[in-house]
Amino acid sequence: MPSAAGPVAVASAAAKAPATPAVGISPELYPSEDDLPYEEEILREPFKLKGWWRYLVARAAAPFAKRAVIYERSLKALPGSYKLWHAYLRERLDHARPHPIDHPAYSSLNNTFERALATMHKMPRIWVLYLTSLLDQRLLTRSRRAFDRALRALPVTQHDRIWPLYLRLASFPACPVETSLRVFRRYLQFDPSHAEDFINFLISASRWQEAADRLASVLNDDGFRSVKGKTRHQLWLELCEILTKHADEVAGLKVDAILRGGIRKFTDEVGKLWTSLADYYVRRGLFEKARDVFEEGVSLVVTVKEFSVVFEAYTQFEQSMLAAKLEAAEEEGAEDEDGGGGRKNGMDKLSKKFLDEFWLNDEDDTDLRMARFERLLDRRPELLSSVLLRQNPHNVEEWHRRVKLFEKDPARQVATYVEAVKTVDPMKAVGKPHTLWVSFAKMYEKHNRLDSAEDIFKRATQVNYKAVDHLASIWCEWAEMELRHSNFDKAIELMRQATAEPSVEVKRRAAAEGNEPVQMKVHKSLKLWSFYVDLEESLGTLDSTRAVYERILDLRIATPQIILNYAYLLEEHRYFEDAFKVYERGVKIFKYPHVKAIWVTYLTKFVQRYKRSKLERARELFHEAVQQAPPDEKRPLYLQWAKLEEDYGLAKRAMNVYDEAVRAVPNSEKMAMYEIYIARAAELFGVPRTRQIYEQAIESGLPDRDVLTMCMKFAELERSLGEIDRSRAIYVHASNYADPNNSDFWKKWNDFEIQHGNEDTFREMLRIKRTVAASRSQVCRTLST
């Protein structure tokens, strides 16, 4: 058994002796004297990683060539050490990176990786380092084979580390497209959720057929979720774009069905999808089919925005078709001028000779295309109207606007009206649906088709409208049409028919059905009765007119104006008592403020008619009127009553009326009423009679400002009568209501004392003024505290 010092002695001797180096090996690569401790350790235990790692750490600053020798020796002893291989490969990568890719260092690096993978083929990091290095070197074939080996060597759970690098290889511009396609297809078998990456690659590679197929399969997969956050709507639009812009390169898909499915499903992009479908047929050269698609699109879209998109594309299509034909005609003309026509053979000339006059043989359809383009532009208002009606088919105003579009085409107007009255549901209508029937009938009337107009009105009266007023308008319009054509009896008969109350049997049947139509209520329509009574007044007799008015009153649908009109009618025919009875009924039916006009007219007419002959009855009427009137409406009635007493009664009674009025009117009108009261008393009984009224007014609770005004007028009255002391006493009393700053009052009193007073009375006035000012200031200080 050899001694333990044997190997160490050999190593130390080799380190000390100047041995001759082997051929091709630099002396610097041999162990130095400083390496002896580590050499001895690895000689003693060559299969332990600890000694080798300690040796490498100690020689971290050594040249890479010397460290590579140590790595090679260690890996020869420990070929299964992941730590040594990983560190060695990293250092080799760092050593080779500064050099160009054709440097021998990269060849050595690749060989080292291959040797490492002989034992490290289950280590994904080693594979990642190797594959990354190959990608940097742009070794496509070697990289592809290495990727295949890596995927076969590693378990499936670790393939996610390899695939990003593999896809990077597939996206290189230098990588053949077929290779990239195979890589992506293989990747999708590993992770189908990244189908969008493959689709994007197919689009970039102009592989439109497969891109469309992949997008279609993705959209057909209900469980697919976009990793890029795209919605199914966005993916659908991408598919539509591919199908339409590359129609000649995509086959096998039902493009028409796909786009129409999108139109049904994605309603917010209908216009774009319609134009895409038409564009698909245009690119395939099926121009008539494209035109049919455009027509279908503008007839089905339901918003103005989508209509604008489709119509703009449609006009551009027609314009481009016309421009293409004009351009082709110009080129053909240029060829004829160059002598190209002489090259036709005899058969062509013979065909032209016999078929030249037949329009089917005419290839110049420029006029047709121009007519189509102009017709499309002319149809725009009609098509837009159809869009708005598809949004809301019950829009009455839009139907009227649509009829105006066909002013020069009565047949189209009739068809539009027929469609309108069939489509519009009166319960859902926006606007007044009865106006459609009225306009429809007036159109026939305009063309002297009265029988047809009557049929329209008759049908219109059978429609169940939402409001009674709509049906009443139909009857009134019908009667007005008869009046315009001098069919007076027919008009009255229509009104009589419209206002006839339904029979008990009809009411019972309607109640059983539970939905009472407006035909059951129209007989109470005030609009109908007003029109009816106007007709009777103009064309009927007094008895028939009175019968209509009485019927209105019995139905309790009369208005104050109806009452007044009825009374005026009776007065015109000198039925005064009957007119007053109508007024009586009116004031019992209505309350204030509606009854005001009736009372005023009634009282005025009664007084004018009977004057003093029925004075007591007039007084009773005035008393009843002022009792019913609210305070703010009493003043004109009291004035009218007082005027009656002054003209036909007793002056004393007139004063009593004024006296009652000043107590009944609101405070805001009392001052004006007292002024009238005083003026009438002075005129009727003399000035002294007004003293009592002034005193009453001052003590009646008027506002301070009005009391002050009344006192000043009272004092002036006493002064004019020579009662100076009474006048001064009134000024003294008025000072209690005066403001010290009211210069008008104090000036009048001052002038009064200067003219009629003395020094004592003037001094007393000044004292009162100071007292009032002091009391007012004391009150202000109290309120402020």
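Scroll up to find the structure this text is about.
Residues numbered from 1 in each chain as written. Predicted model: local features only at pLDDT ≥ 70, side-chain atom pairs only at ≥ 80, totals over all residues. Heavy atoms only, no water.

### Brief notes about the overall build of the protein chain
Link 1 in the chain: From N to C terminus, the protein chain includes 40 helices and zero strands.
Link 2 in the chain: Summing over all exposed atoms, the protein chain offers an accessible surface of approximately 43700 Å²; the carbon and sulfur share of this is 53%. (Helix = DSSP H or I, 4+ residues; strand = E, 2+ residues; numbered from the N terminus. Areas by Shrake-Rupley, 256 points an atom, 1.4 Å probe, with all protein chains shown as cover.)

### A few points about the packing of aromatic side chains
Link 1 in the chain: Under the definition given, this model contains 22 aromatic pairs.
Link 2 in the chain: On the numbers, 4.5 Å between centres and 5° between planes, the contact of Phe-147 with Tyr-166 is stacked. Placement of the pair is Phe-147 in helix H8 (residues 140-153) and Tyr-166 in helix H9 (residues 163-170), with a sequence separation of 19 residues.
Link 3 in the chain: According to the relative accessible area criterion, Phe-147 is buried, its value standing at 0%.
Link 4 in the chain: Clustering of aromatic rings is evident, with ring pairs tying together Phe-580, Tyr-583, Trp-599, Tyr-602 and Phe-606.
Link 5 in the chain: One residue, Arg-609, lies across the ring of Phe-576, its end atom 4.0 Å from the ring centre. (Phe/Tyr/Trp six-rings, centres within 6.5 Å; stacked < 30°, edge-to-face > 60°. Buried < 20%, exposed > 50% of the residue type's maximum accessible area, 1.4 Å probe, protein only. Lys NZ or Arg CZ within 6 Å of the ring centre and 35° of its normal.)

### Section: the packing of helix H13 (residues 232-245) against helix H15 (residues 270-283)
Link 1 in the chain: Axis separation between H13 and H15 bottoms out at 8 Å; the angle between their running directions is 25°. With respect to their mutual orientation, H13 and H15 come out roughly parallel. The two elements H13 and H15 meet at a crossing, and its hand is left-handed. For the pair H13 and H15, the contacting residues are Trp-236, Leu-237, Cys-240, Leu-243, Thr-244 and Lys-245 in the first and Lys-272, Leu-273, Ser-276, Leu-277, Asp-279, Tyr-280 and Arg-283 in the second. (Axes fitted to C-alpha atoms, helices over the stretch in contact; angles between N-to-C directions. Parallel < 35°, antiparallel > 145°, perpendicular 65-115°, else oblique. Left-handed = near helix turned anticlockwise from the far one by under 90°. Contact = heavy atoms within 4.5 Å.)

### Some details on the environment of Ser-544
Link 1 in the chain: Inspection of the secondary structure assignment puts Ser-544 in helix H28 (residues 542-554).
Link 2 in the chain: Residues Ser-544 and Val-533, spaced eleven residues apart in sequence, show a C-alpha to C-alpha distance of 9.0 Å.
Link 3 in the chain: Polar side-chain contacts of Ser-544 include one of 2.8 Å to the side chain of Glu-536.
Link 4 in the chain: Polar contacts involving the side chain of Ser-544 include one to the main-chain carbonyl oxygen of Thr-541, which spans 2.9 Å. (Polar contact = N/O pair within 3.5 Å; in protein donor to acceptor, adjacent residues only side chain to side chain.)

### Quick look at unusual backbone geometry
Link 1 in the chain: Positive phi, close to 60°, is recorded for Arg-138, a residue that is not glycine.
Link 2 in the chain: Checked against the element boundaries, Arg-138 lands in the loop between helix H7 (124-136) and H8.
Link 3 in the chain: The exposure class of Arg-138 is partly exposed, given its relative accessible area of 48%.
Link 4 in the chain: Of note in this structure, Ser-486 is not a glycine but carries a positive phi near 65°.
Link 5 in the chain: Considering the arrangement of structural elements, one finds Ser-486 in the loop between helix H24 (468-484) and helix H25 (488-498).

### Points about the pattern of salt bridges
Link 1 in the chain: All chains considered together, the criterion is met by 29 salt bridges.
Link 2 in the chain: With its nearest N and O atoms 3.0 Å apart, the salt bridge here joins Arg-149 to Glu-114. A residue pair is termed long-range when its members are at least 10 positions apart, and Arg-149 in helix H8 and Glu-114 in helix H6 (residues 104-120) qualify at 35 residues.
Link 3 in the chain: Of the charged contacts, one joins Arg-412 and Glu-382 as a salt bridge, the two residues approaching to 2.7 Å between their closest N and O atoms. Note that Arg-412 is positioned in helix H21 (residues 410-423) and Glu-382 in helix H19 (residues 366-391), a separation of 30 residues in sequence.
Link 4 in the chain: Residue classification places Arg-412 among the partly exposed residues on the basis of a relative accessible area of 29%.
Link 5 in the chain: Take Glu-382: its relative accessible area is 17%, and that puts it in the buried class.
Link 6 in the chain: A network of salt bridges, in which partner residues are shared, links Glu-288, Arg-291, Glu-318 and Arg-372. (Salt bridge = Lys/Arg side-chain N within 4 Å of Asp/Glu carboxyl O.)

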